[in-house]
Amino acid sequence: MERIQEKLAILADAAKYDASCASSGSNRKNESKGLGNAHPGMGICHSYTADGRCVSLLKILLTNVCIYDCAYCVSRRSNDIKRAAFTVQEVVDLTINFYRRNYIEGLFLSSGIFKDPDYTMERLVRVARKLRTEHNFNGYIHLKAIPGASDELMQEAGLYADRLSVNLELPTEAGLKLLAPEKNRPAMVKPIRFLQSEIIRLEDERKVLKTVPTFMPAGQSTQVIVGAAGESDMEIMHLASRFYKQFQLKRVYYSGYVPISNDTRLPALHSQVPLMRENRLYQADWLLRFYGFEPHELLNEGHPNLDTDVDPKLSWALRNLNSFPVDINKADKMLIARVPGIGMESVRKICSARMHGQLGWDQLKQMGVQLNKARYFITCKAGALERRDLTSEQIRQQLLAQSHSKWIKAHSPQLQLF
Amino acid sequence: MTTWLYDGSFDGFLSAVFDLYWQKKTDVTIRKEQDHVKGLFENVIFMPTIMANADRVWAGLSKKLTEESLQQLFCCYLSELPGEEDHMVGFIRHVFAGGEGVTGDFGNKYVLHVAQLARKVHREKHRMEAFVRFQLTKDQIYYSLVSPDYNVLPLIARHFKERYADQYWIIYDERRRYGIYYNLDKVETIRLQFNAEYDPHYHTTGNVWAPEEELYQRLWNTYFKEANIAGRRNPRLQLQHMPRRYWKYLTEMRLG
Ligand code: SF4
């Protein structure tokens with residue numbers, strides 16, 4: 001009893017730096033009066049830790065024993081820490097009992113690499129198989145795919161898991177060489193490519209055959225560590241965008257590096273976690289996936305890093321004042337989506353409402369448009385742009401003046417998507 | 001000024017709406033009987049619930065509205081906000097008067113209000129789906145107490161039925177004093193009697209919980225503590241997502 005608590009403490013602690021927590025986008029339905037239901041659509045966050053991050057999955061390592069020595073990782077073999085390993089049954093029991101009490105949406109199981117990749121992967125798969133076949137569990141399962149494991153094991157993992165991920169860890173090859181010399185990019189990309197080809201193969205089969213098994217319905221994701229190896233935001237976002245396109249990844253997670261060692265290759269132990277930078281990367285990622293932006297519009301040689309003062313959409317708009325003003329009552333949907341202060345939900349409302357009549361400032365405000373930002377970039381019924389002749393710099397100063405007073409009131413960085 | 005009172009049920013409200021049209025009234029306010037405090041010069045009439053009339057209004061609305069819009073209107077009712085009936089009536093009048101696609105007319109104040117309030121109710125529904133914490137009783141029933149801002153139990157029953165199809169469970173609304181109970185087949189509405197010395201919040205009180213219950217609560221609290229990253233501390237963000245009024249129902253916040 002005490003031992004299981006100690007193991008949980010060690011193996012949850014070691015797993016917490018992995019940013020992925022989403023439990024959305026699956027479609028595993030409970031049809032046989034079994035346990036659990038992994039809905040398509042929104043995931044459920046069941047709790048929030050004191051750092052404000054959500055808890056939606058039981059996120060643990062199977063073991064923190066590892067044969068590798070990646071400098072940024074607490075589980076690295078040269079680190080002098082307590083080691084532990086769960087048995088397959090222990091992970092299954094924890095998952096089922098937490099799920100039944102509505103603590104979690106499912107399991108996110110990762111692992112240090114003990115012995116060799118196949119040995120480790122085989123165990124991860126065994127946990128998932130047991131949950132699905134012995135417990136009729138339909139909750140969410142996310143497994144970490146271990147690079148170097150055999151295709152057969154990857155294939156089987158895909159049958160039981162909703163999502164698999166291989167973490168890219170460092171955005172650049174140079175960073176990888178410096179901090180994880182035993183690893184290399186091609187070995188990480190290989191399983192991503194294999195799983196992607198399996199998804200496509202089974203989709204094709206599904207078109208002709210009725211009984212094709214479910215195969216990781218929530219797709220693949222990956223994570224990159226931000227701020228450990230001196231890379232620019234441009235390098236990060238271009239990498240992300242390439243992986244979204246090439247492998248249809250569902251999510252790329254950005255994890256601000258939390259200093260965990262005195263290694264001189266890394267930021268010093270007391271240095272701050274780059275939270276604001278991480279937040280801006282998520283905002284930029286959001287713009288790529290839902291707002292029709294291309295990476296080079298947001299980041300390029302002239303602007304290799306995201307602006308920390310203002311959000312990426314506003315920053316882009318200020319550099320492209322010639323694209324504005326946009327007429328709310330006429331403009332194309334995706335053009336309105338590019339206006340700072342207007343989110344997709346408002347875009348939808350605007351496009352629907354303007355079929356019934358011209359919209360003015362009041363109605364836009366009612367619909368949730370942030371007029372303090374948007375007003376510099378739009379025209380609507382009640383007339384022209386409020387301040388037609390301002391330069392980007394003037395607009396920027398005015399907006400910063402407003403947000404700084406808010407900032408001072410809040411005493412804390414505002415970490416949200418718009 | 002005339003006020004019509006109804007029995008507080010959704011059908012009661014719809015039934016009153018039927019009479020608005022039938023009697024061609026425009027100067028009538030509809031209110032719940034139990035909430036109403038009579039004004040000095042107010043003319044008050046109690047309107048009995050007539051199911052057939054309620055059904056006719058609903059059928060009429062169903063012809064003009066999508067499933068989603070109907071649900072939104074129902075959500076306004078579940079908000080239990082005082083005087084919400086006025087918005088609902090305004091919305092219904094706009095729907096019956098308008099042509100195709102009136103629910104997209106967000107320039108209209110009733111349409112926008114219904115969409116926005118429904119969203120709030122929906123957010124509370126979503127929070128309940130997240131913040132229910134079951135404790136296992138000795139007779140193998142997973143039991144949970146909640147006290148949502150809006151009356152959302154009718155909205156969450158299906159979610160929990162699909163999710164926990166193989167376990168008995170109860171979700172009890174402390175504030176509204178009723179709960180929903182799943183008996184492995186159907187979800188029923190129930191009322192519970194608590195005796196005086198029994199504290200329904202705490203797992204060690206009384207002799208009601210399964211022997212393993214305490215262990216799993218302890219493990220969950222351990223997990224919750226370890227998942228936190230000290231270098232990223234941000235209690236304001238935590239509070240924003242998980243307002244304090246929910247804490248007493250959350251295992252991990254109660255004992256910590
Ligand atoms: S292989 Fe994974 S677990 Fe092992 S040290 Fe590297 S990052 Fe950590």
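Just so you know, these numbers come straight off a predicted model, no measurement behind them.

Rules used in this analysis
- The residue count restarts for each chain, going from 1 along the sequence in the order it is written.
- To read the labels, note that chains go from A and ligands from 1, taken in the order they are written.
- Given that the model is predicted, a residue must reach a pLDDT of at least 70 before its local features are reported, and side-chain atom pairs must reach 80 or more before they are shown or counted; all residues, however, enter totals for whole chains, interfaces and linings.
- Neither water nor hydrogens contribute to the side-chain values; these are computed over all heavy atoms in the structure.
- The contact rule is simple, with two residues in contact once any of their heavy atoms fall within 4.5 Å.
- Buried area: the accessible surface (1.4 Å probe) lost by two parts on joining, summed over both.
- Within this document, salt bridges are pairs made up of a side-chain nitrogen of Lys or Arg and a carboxyl oxygen of Asp or Glu, the two lying within 4 Å of each other.
- The term polar contact refers here to a pair of N or O atoms within 3.5 Å; inside protein, the definition further demands a hydrogen-donor-capable atom paired with an acceptor-capable atom, and it admits residues adjacent in sequence only when both atoms are side-chain atoms.
- Runs of H or I in DSSP of at least four residues are treated as helices and runs of E of at least two as strands, each being numbered from the N terminus.
- Each pair of aromatic rings taken from Phe, Tyr and Trp, with Trp reduced to its six-membered ring, is defined by centres within 6.5 Å and is described as stacked if the planes are under 30 degrees apart, edge-to-face if over 60, and tilted in the remaining cases.
- Buried, partly exposed and exposed residues are distinguished by accessible area as a fraction of the type maximum, computed with a 1.4 Å probe on protein chains only: under 20%, between the cut-offs, and over 50%, respectively.
- Only a pair of cysteine sulfur atoms within 2.5 Å counts as a disulfide in this structure description.
- A domain assignment, automatic or from a database, supplies the domain bounds used here.
- For this scheme, ten residues count as nonpolar: Ala, Val, Leu, Ile, Met, Phe, Trp, Tyr, Cys and Pro. Four count as charged, namely Asp, Glu, Lys and Arg, and the remainder, Gly too, count as polar.
- The pairing criterion for strands is at least two bridges between them, as found by DSSP.
- Whenever a helix is involved, its axis is fitted only over the stretch in contact; in every case the axis is a line through C-alpha atoms, and angles between N-to-C directions fall within 0 to 180 degrees.
- In this text, near means that some heavy atom of the residue lies within 4 Å of the molecule or strand in question.

Student: Help me out: how do you make sense of the interface of chain A and chain B in this one?
Tutor: Accessible area lost when the parts come together is the quantity often used to give the size of an interface. Taken together, the contact between chain A and chain B spans 64 residues of the former and 58 residues of the latter. Summing both sides of the interface, chain A and chain B together bury roughly 5,500 Å²; the carbon and sulfur share of this comes to 54%. Counting the contacts that link chain A with chain B gives four salt bridges. Here Asp 166 of chain B ties to Arg 100 of chain A by a salt bridge, and the two come within 3.0 Å at their closest N and O atoms. At the boundary of chain A with chain B, the tally comes to 31 residue pairs in polar contact (both at pLDDT 80 or more). The biggest single contributor to the side of chain A that touches chain B is helix α1 (residues 2–13) of chain A, with seven residues.

Student: Mind showing me how you'd approach the packing of aromatic side chains here?
Tutor: For any pair of aromatic rings, the description consists of the separation of the ring centres together with the inter-plane angle of the planes. Residue and element names in this part refer to chain B. Applying the stated criterion across every chain, the model contains 31 aromatic pairs over all chains. Between Phe 134 and Tyr 164, the aromatic rings sit 5.6 Å apart at their centres with planes inclined by 90°, giving edge-to-face as the arrangement. With Phe 134 in the loop between α5 (109–131) and β4 (135–136) and Tyr 164 in the loop between α6 (153–163) and β6 (168–173), this pair connects stretches of sequence that are 30 residues apart. Among the residues examined, Tyr 164 registers a relative accessible area of 0% and is labelled buried.

Student: Help me out: how do you make sense of the state of the cysteines in this one?
Tutor: Every disulfide links exactly two cysteines, by a covalent bond between their sulfur atoms. Under the defined criterion, the tally for this structure stands at zero disulfides over all chains. Left unpaired, Cys 45 of chain A is separated from the closest cysteine sulfur, that of Cys 54 of chain A, by 3.1 Å. Unpaired in terms of disulfides, Cys 75 of chain B finds its nearest cysteine sulfur in Cys 76 of chain B, a separation of 7.1 Å. The class for Cys 75 of chain B is buried, based on a relative accessible area of 4%.

Student: Please clarify how the side chain of Thr 172 of chain A should be interpreted in this entry.
Tutor: Residue and element names in this part refer to chain A. On the secondary structure map, Thr 172 appears in the loop between β6 (163–165) and α5 (173–179). Judged by relative accessible area, Thr 172 falls into the buried class, the value being 14%. Apart from the residues within four sequence positions on either side, Thr 172 is in contact with Glu 231 and Glu 235.

Student: Looking at this structure, how should I read the domain arrangement of chain B?
Tutor: All names here are of chain B. Domain annotation for chain B reports domain 1 (2–124) and domain 2 (132–253). The straight-line distance from the C-alpha centre of domain 1 to that of domain 2 is 33 Å. Between domain 1 and domain 2, the residue contacts involve ten residues of the former and ten residues of the latter. Interface area for domain 1 against domain 2, summed over the two sides, is near 830 Å², with a carbon-plus-sulfur share of 61%. On the domain 1 side of the contact with domain 2, Leu 78, Glu 80 and Glu 124 bury the most area, a combined 64% of that side's loss. Linking domain 1 with domain 2 are one salt bridge. Between Arg 176 and Glu 80 there is a salt bridge whose closest N-O contact spans 3.0 Å. Here domain 1 and domain 2 share four residue pairs in polar contact (both at pLDDT 80 or more) between them. Elements supplying a minimum of two residues to the side of domain 1 that touches domain 2: α3 (67–79) and α5. Per-element accounting of the side of domain 1 that touches domain 2 gives the leading share, five residues, to α3. In the side of domain 1 that touches domain 2, the residues fall into five nonpolar, two polar and three charged.

Student: Would you mind showing me how to read the domain arrangement of chain A here?
Tutor: Residue and element names in this part refer to chain A. When cut into domains, chain A gives domain 1 (1–21 + 41–298) and domain 2 (312–404). Taken over C-alpha atoms, the centre of domain 1 sits 38 Å from the centre of domain 2. With ten residues of domain 1 in contact, the opposing surface of domain 2 contributes ten residues. Interface area for domain 1 against domain 2, summed over the two sides, is near 870 Å², with a carbon-plus-sulfur share of 62%. Linking domain 1 with domain 2 are one salt bridge, by the criterion used here. Between Glu 297 and Arg 338 there is a salt bridge, with its nearest N and O atoms 2.8 Å apart.

Student: Sorry if this is basic, but what is going on with the sheet that holds strand β7 (residues 220–226) of chain A here?
Tutor: The strands that make up a sheet pair up through hydrogen bonds in the backbone, lying either parallel or antiparallel. All names here are of chain A. On the basis of which strands lie adjacent, the open sheet formed by six strands has the order β3-β4-β5-β6-β7-β8 and parallel pairing. Strand pairing shows two members of the sheet lacking a second neighbour, β3 (57–61) and β8 (251–256), which therefore form its edges. With strand direction ignored, the average angle separating the axes of adjacent strands in the sheet is 20°. With four bridges joining them, strand β4 (residues 106–110) and strand β5 (residues 140–144) adopt parallel strand pairing. Its bridge partner lying in β5, Leu 109 is registered against Leu 143. Strand contacts of helix α8 (residues 275–290): β7 and β8, with the helix running at about 165° to β8, the strand carrying the most contacts.

Student: Explain the site of the ligand to me, please; I cannot follow it from the model alone.
Tutor: Close contacts around the ligand come from Cys 66, Tyr 68, Cys 70, Cys 73, Arg 76, Gly 112 and Lys 183 of chain A, and that covers them all. Counted by class, the shell around the ligand contains four nonpolar, one polar and two charged residues.

Student: Explain the environment of Asp 151 of chain A here, please?
Tutor: Residue and element names in this part refer to chain A. Relative to the assigned elements, Asp 151 resides in helix α4 (residues 151–160). With a relative accessible area of 32%, Asp 151 lands in the partly exposed category. With 43 residues separating them along the chain, Asp 151 and Phe 194 place their C-alpha atoms 7.6 Å apart. Apart from residues lying up to four places away in sequence, Asp 151 is in contact with Lys 190 and Phe 194.

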